[in-house]
Every structure is written in C-alpha cells, then in structure tokens.
Amino acid sequence: MSGFSLDLSQDVIEVRDWVHDFAREVIRPAGAEWDEREETPWPVIQEAAKIGLYSLDFFATQWLEDSGLGLPVVFEELFWGDAGIGLSIVGTCLAAAALSGNGTPEQAGQWLPEMFGTENDVKLGAFCASEPDAGSDVGAIRTRAVYDQGDWVINGVKTWATNGGIADVHIVVASVDPALGTRGQASFIIPPGTPGLSMGQKFKKHGIRASHTAEVVLEDVRVPGSCLLGGKEKLDARLARVRNGERAGEQAAMRTFETTRPTVAAMAVGIARAAFEYARDYAREREQFGRRIGENQAIAFLLADMATRVDVARLMTWRAAWMARQGKRFEQAEGSMSKLVAGETAVWVTEQAIQILGGAGYTREHPVERFHRDAKIYTIFEGTSEIQRLIIGRAVTGLQVR
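Not measured: the values here are computed from a predicted model.

**Student:** Whenever I open this one, the packing of helix H11 (residues 334-357) against helix H12 (residues 368-375) confuses me. Can you help?
**Tutor:** The geometry of a pair of packed helices is captured by two quantities: the angle between their axes and the separation between those axes. Interhelical geometry of H11 versus H12 gives an angle of 160° and a closest axis separation of 8 Å. Here H11 lies roughly antiparallel to H12, going by the angle between them. Seen along the crossing, H11 lies across H12 with a hand that is left-handed. Between H11 and H12, the residues in contact are Ala 346, Val 347, Thr 350, Glu 351, Ala 353, Ile 354 and Leu 357 and Val 368, Glu 369, Phe 371, His 372 and Ala 375, respectively.

**Student:** Can you help me understand the packing of aromatic side chains in this one?
**Tutor:** By convention here, two paired aromatic rings are described through the distance between centres and the angle between planes. Enumeration over the complete set of coordinates arrives at 11 aromatic pairs. Geometrically, the ring pair formed by Tyr 54 and Phe 59 is edge-to-face, given 6.5 Å between the ring centres and 80° between the ring planes. An identical accessibility class is assigned to Tyr 54 and Phe 59; each is buried. Judged by centre distance (6.5 Å) and plane angle (35°), the rings of Phe 75 and Phe 79 are tilted. You can see Phe 75 and its partner Phe 79 sitting in helix H4 (residues 70-81), 4 residues apart, about one turn around the helix. Directly above the aromatic system of Trp 34 lies the positively charged group of Arg 37, at a separation of 4.0 Å from the ring centroid. One cation-aromatic arrangement involves Lys 232 over Tyr 147; the distance from NZ or CZ to the ring centre is 4.6 Å.

**Student:** How should I be thinking about the environment of Lys 376 in this particular structure?
**Tutor:** The topology assignment puts Lys 376 in the loop between H12 and helix H13 (385-397). Between the alpha carbons of Lys 376 and Ala 346 there is a distance of 7.7 Å; along the sequence they are 30 residues apart. When near neighbours in sequence (up to four residues on either side) are disregarded, Lys 376 contacts His 206 and Val 347.

**Student:** I keep staring at unusual backbone geometry and nothing clicks. Help me out?
**Tutor:** What is expected of a backbone is that most residues other than glycine have negative phi and most peptide bonds are trans. For Trp 160, which is not glycine, the phi torsion reads 55° and is therefore positive. Positive phi, close to 35°, is recorded for Ile 208, a residue that is not glycine.

**Student:** What should I look at first to understand the environment of Asp 311 in this one?
**Tutor:** Looking at the secondary structure, you find Asp 311 in helix H10 (residues 297-325). What makes Asp 311 partly exposed here is its relative accessible area of 43%. Linking Asp 311 and His 212, residues 99 residues apart in sequence, is a C-alpha distance of 30 Å. Here Arg 314 takes part through its side chain, which lies 2.9 Å from a polar atom of the side chain of Asp 311.

**Student:** What is the right way to look at the nonpolar core in this model?
**Tutor:** Side chains of nonpolar character tend, in soluble globular proteins, to be buried together. Among the nonpolar cores identified, the biggest contains 106 residues, and Tyr 54, Phe 59, Ile 89, Val 90, Ile 171 and Phe 188 are the most heavily contacted of them. Per element, the largest residue contribution to this core is 14 residues, and it comes from helix H9 (residues 252-285). The contact partners of Tyr 54, leaving out residues within four places of it in the chain, are Ile 45, Ala 48, Ala 49, Phe 59, Ile 89, Thr 92, Met 115, Phe 116, Val 122, Lys 123 and Leu 124. If you look at the next biggest cluster of nonpolar residues, it comprises 6 residues, including Leu 8, Val 12, Leu 69 and Trp 318.

**Student:** What is the right way to read H13 from this model?
**Tutor:** Every α-helix carries 3.6 residues per turn, so stepping three or four residues along brings you back to the same face. End to end, H13 covers 18 Å across 13 residues, agreeing with the expected 18 Å (1.5 Å per residue, within 8%). Among the residues of H13, those classed as buried are Ser 385, Gln 388, Ile 392 and Gly 393. Down the axis of H13, the sector holding all buried residues measures 135°, keeping them to one side. Looking one or two places after H13, you find Gly 398, whose phi comes out positive at around 75°.

**Student:** Would you mind going over the environment of Ser 211 with me for this structure?
**Tutor:** Turning to its location among the elements, Ser 211 is positioned in the loop between strand S8 (197-202) and strand S9 (213-224). For Ser 211 and Val 74, which are 137 residues apart along the polypeptide, the C-alpha to C-alpha distance reads 18 Å. When sequence neighbours within four positions are dropped, the list of residues in contact with Ser 211 reads Gly 84, Leu 87, Ser 88, Thr 162 and Lys 205.

What counts, and where the lines are drawn
Residues numbered from 1 in each chain as written. Predicted model: local features only at pLDDT ≥ 70, side-chain atom pairs only at ≥ 80, totals over all residues. Heavy atoms only, no water. Axes fitted to C-alpha atoms, helices over the stretch in contact; angles between N-to-C directions. Helix = DSSP H or I, 4+ residues; strand = E, 2+ residues; numbered from the N terminus. Parallel < 35°, antiparallel > 145°, perpendicular 65-115°, else oblique. Left-handed = near helix turned anticlockwise from the far one by under 90°. Contact = heavy atoms within 4.5 Å. Phe/Tyr/Trp six-rings, centres within 6.5 Å; stacked < 30°, edge-to-face > 60°. Buried < 20%, exposed > 50% of the residue type's maximum accessible area, 1.4 Å probe, protein only. Lys NZ or Arg CZ within 6 Å of the ring centre and 35° of its normal. Polar contact = N/O pair within 3.5 Å; in protein donor to acceptor, adjacent residues only side chain to side chain. Core = buried A, V, L, I, M, F, W, Y, C linked by side-chain atoms within 4.5 Å. Expected span 1.5 Å × (residues − 1). Arc of directions from axis to C-beta.

Written out as structure tokens, the structure reads:
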C-alpha cells in the first residue's frame with residue numbers, strides 16, 4: 001500500500017500530546033467517580049468544550065486529517081484516560097458520521113453544529129439504529145416512517161442508544177418499505193424538542209457506566225421532509241432501483257458502522273494500552289519472595305504478549321483508518337478486522353492485567369477491574385465479534401456465509 005507511513009505528522013503528534021495531557025489531568029482522575037455515579041459527566045464534557053476538544057471543528061479537523069490517523073490517535077488517548085468518560089465525549093461522533101456521510105451539504109451545515117453546541121452551551125447527538133428485537137440484525141428493524149403530506153411520521157422503539165433521549169439531535173434509522181428489508185430503510189433527523197420522542201429505559205451497565213445508554217421511544221414523531229437524510233428524490237430513486245431488481249448501493253446504517261469501525265477499534269486500543277501500562281508498572285514495583293514480580297518469566301512473558309497484542313491492534317486500526325481516508329475499499333473487510341482484533345485484544349489484555357495484580361486487581365482499589373468491565377462492550381456493540389467474523393468471512397471467501 002504505497003503511501004502508508006507509521007511516521008505521524010507533527011500536527012498529529014502535537015494533538016496527541018495535548019489530548020493525552022487532558023486525559024491524564026482531567027479524565028483519568030475522574031474515572032472512578034463517574035463510573036460509580038453512572039451519570040453523564042457533564043463537568044468533564046464542559047471542560048473539554050472549553051479547551052476546544054469537544055467541538056465540531058476539532059473532530060472535523062481530525063476526521064479530515066490527511067493520513068486518516070488523526071481521529072484514531074485522539075480516541076486512543078481519550079479512552080486511555082477512561083472509557084466511560086471518553087465515550088461521553090465522543091458519543092456524538094457516530095450521529096455526526098451518519099449525518100455527514102448520508103446527508104446533503106445543507107443538512108450537514110444546519111444540524112452538525114446543533115449536535116455539539118458551544119463551549120457555553122454544550123449539546124449532544126445520538127445515533128439510533130438498534131431495536132429490542134433487532135440488534136445485529138439491522139434487517140429486522142420495525143421502526144416505521146410514513147410519508148404524509150410533505151412530512152414523515154415515525155413510530156417505533158430504539159435501544160442501546162448512546163446519548164439516547166438526552167441528545168439534542170437524534171438520527172433515527174427507520175423502514176420506509178418493510179418489504180425491501182434493509183434496502184427499504186432510511187435515516188431521519190429528529191430536531192430538538194420534537195413532540196413524540198422520549199427516553200425509555202436507561203440501562204445500568206457492566207462497564208462504560210459514565211456513558212448514557214437508553215431506549216428512545218418514538219410515538220407519532222412528525223418531522224419535515226427536509227429531515228430525511230439525503231432527501232426524498234434520492235430515496236425514491238434508490239427504492240425504484242431496488243424494485244426493478246437493480247443494485248441500490250450500500251445501506252445507510254451499515255455504511256455508518258463500517259466508516260466508524262477503525263475509530264471504535266482505537267477506543268479499544270486505548271483501554272488495552274491503559275491496562276498494559278498499569279500492569280507493567282505494578283510488576284516493576286511489586287515484590288514477592290524477595291524480588292520484583294516482573295523479574296519472573298511468567299509475568300515478563302505475559303507482559304510481552306500484552307504489549308505485542310496492543311501494538312498489533314493499533315497497527316490494524318491505523319491501516320484501516322488510512323485506507324478509509326485514502327478512499328480505498330475494504331476488499332478484505334479491513335475495517336471489521338480492526339474492530340474484531342482490537343475488541344478482543346482489549347478483553348484479553350485487561351483480564352491479564354487483573355491476573356498480574358492478583359487479588360488486588362479484582363478490587364476497586366486499582367483501575368484494572370474497571371478497564372476489564374469497560375473492555376467487554378467492544379466485542380458486542382458496533383457489531384459483535386461474531387458479526388465481524390461473518391463480514392470478514394464473506395469478504396475473504398466471496399460466498400454468502402450465514
């Protein structure tokens with residue numbers, strides 16, 4: 001792959017170090033508190049907004065960085081600080097990616113700023129695709145959008161939505177023609193204060209507790225035709241092609257997930273790196289039987305494997321991010337590969353960190369137990385490990401693996 005380089009530009013290095021300082025000084029000290037509280041860490045988000053870290057301009061600049069590594073590097077540092085707080089800071093980005101990737105320039109110009117707000121008026125966005133009976137099976141989505149005299153009327157229930165119900169702008173995936181399955185779906189902008197949208201159950205989670213996750217209930221939610229991402233003319237043309245047996249292009253929700261998989265992988269890399277570094281430092285200091293435990297081969301070899309797997313996950317993440325930025329297709333499902341490897345690496349590395357600390361690692365006196373709880377979701381959300389293997393299997397065989 002000509003042009004790919006592991007040498008970060010000076011701009012990326014400076015941003016990485018700036019974000020790392022914020023993660024070390026602001027996020028990490030607050031991690032345990034907000035994990036216990038299981039609440040959105042508004043003071044931390046506001047601090048991030050004050051310095052320009054939580055802002056549309058910052059995330060857009062990193063997204064458009066020439067090498068494609070700007071955003072993964074930022075996400076790794078934030079999640080090195082704390083995954084729950086990190087996700088509360090970047091959770092809006094999934095909705096922003098759906099809007100910018102599937103919407104018109106006019107829609108992006110109007111609604112992206114409404115997702116982030118300003119340093120004095122912080123706002124959030126939420127992407128709502130999953131449903132109680134349709135998690136990984138996007139084709140089973142039952143939320144329905146019906147066209148009615150220039151408006152769209154939406155009914156249904158979404159679940160597992162980051163920032164769901166508390167966001168200012170929701171992006172909702174709904175079926176406009178259930179007979180066409182995923183090919184009959186579209187995405188809609190739900191503006192702030194739209195009647196009929198409410199928060200359902202807020203979930204109490206195993207990990208990433210500082211990130212708000214909830215159901216979103218839509219009861220006769222009426223939005224203007226201008227809130228259909230991409231516009232009705234584009235939707236009608238796509239549906240006509242499908243009904244004529246022609247290819248309709250990639251499904252919007254799947255395109256959003258595939259685009260963001262390297263950044264999700266980078267989150268997992270940050271968690272894994274945090275756990276490795278903590279266990280390494282502990283092994284350097286902790287003494288048993290008259291010597292530091294890091295001098296024992298069993299511990300040193302385990303740390304060697306942990307360091308190696310973290311680097312492998314990062315390299316695969318950077319490759320996928322670079323390919324996406326250069327417009328190269330994921331012929332071997334490289335985006336899914338990065339998510340699969342990084343997610344499973346985070347789970348394994350955090351578990352080994354607990355093992356190295358022994359009984360102490362199982363208590364909340366040390367953060368590795370929280371790292372482990374936070375890591376598990378990365379084999380589940382944004383596509384489970386099994387779904388990633390299915391996508392990769394189809395890509396490498398050319399067969400419709402089921």
